[in-house]
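# Summary of structural features
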Amino acid sequence: FEIVYSEMTGLSKKQVLDLYPHLIGLFPETFVDSETVLSNITGDVELMVLWSGGRDTARKFRQLIGKANGKESKDVGTIRGRFALNLFQNAIHGSDSELDALKEIRISRPEIIDMLLMDDKYGERFYSFLGRMKEVEGNARIEREFKVA
């Protein structure tokens, strides 16, 4: 993987809740005050954008980090298998897909998308990647969500 962007930063409670809407649905009574939310807003997180040739990056990274509940899966060869405390404190987040990664970048640091598009090294590859996403997800959705024609 190539690290395209890295920043030690804090996230607001709104950003964290926007990143995990599926968990709010699964745990409506407890998630808003869970360790996942609290640990993400009480300290800094390392926000990274990774690149792996633009194809299958999310899937490859998910293999490296392991299942969401690393402790239960005994996935010792992965980051979560080694460092996770439980389902909510699982040491690391990885997007489920490239499209989810774009959405999550937009939630946490929307200016990164513009930075990538303008970057001499990544701009052309990122436009190409967005073109492939248009084919998969449909032009209107990508153009609407990422303001890219």
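Scroll up for the structure.
Below, the structure is looked at part by part. (Residues numbered from 1 in each chain as written. Predicted model: local features only at pLDDT ≥ 70, side-chain atom pairs only at ≥ 80, totals over all residues. Heavy atoms only, no water.)

## A short note on the overall build of the protein
If you tally the helices and strands in the protein, you get 10 helices and 2 strands. Taken from N to C terminus, the helices and strands of the protein fall in the order β-α-α-α-β-α-α-α-α-α-α-α. When each of the 149 residues of the protein is scored for burial, the buried share is 40%. Looking at the protein alone, contacts between residues at least 24 apart form 60% of all its contacts between residues at least 6 apart. Carbon and sulfur atoms form 54% of the exposed surface of the protein, whose accessible area is close to 8900 Å². (Helix = DSSP H or I, 4+ residues; strand = E, 2+ residues; numbered from the N terminus. Buried < 20%, exposed > 50% of the residue type's maximum accessible area, 1.4 Å probe, protein only. Contact = heavy atoms within 4.5 Å. Areas by Shrake-Rupley, 256 points an atom, 1.4 Å probe, with all protein chains shown as cover.)

## A short note on the side chain of Thr9
By secondary structure assignment, the location of Thr9 is in strand 1 (residues 2-9). Only 2.3 Å separates the side chain of Thr9 from the side chain of Arg109, close enough to count as a polar contact. (Polar contact = N/O pair within 3.5 Å; in protein donor to acceptor, adjacent residues only side chain to side chain.)

## With respect to the packing of aromatic side chains
Scanning the entire structure with this criterion turns up 2 aromatic pairs. Judged by centre distance (5.7 Å) and plane angle (90 degrees), the ring pair of Phe1 and Phe61 falls under edge-to-face. With a gap of 60 residues between them, Phe1 in the segment before strand 1 and Phe61 in helix 4 (residues 57-65) connect regions that are remote in the sequence. Judged by relative accessible area, Phe61 falls into the buried class, the value being 15%. (Phe/Tyr/Trp six-rings, centres within 6.5 Å; stacked < 30°, edge-to-face > 60°.)

## Points about the pattern of salt bridges
Under the definition given, this model contains 6 salt bridges. In this structure, Lys14 and Asp18 form a salt bridge, with 2.7 Å as the shortest nitrogen-oxygen distance. With a gap of 4 residues between them, Lys14 and Asp18 both fall in helix 1 (residues 13-19), about one helical turn apart. Looking at Asp18, the relative accessible area reads 33%, which means it is partly exposed. Of the charged contacts in the structure, one is a salt bridge between Asp96 and Arg62, with a shortest N-O distance of 3.2 Å. In this pair, Asp96 is assigned in the loop between helix 6 (79-83) and helix 7 (98-108) and Arg62 in helix 4, connecting sequence segments 34 residues apart. A relative accessible area of 25% means that Arg62 is categorised as partly exposed. Put simply, Glu7, Arg109 and Glu111 are held in one network by salt bridges that share partners. (Salt bridge = Lys/Arg side-chain N within 4 Å of Asp/Glu carboxyl O.)

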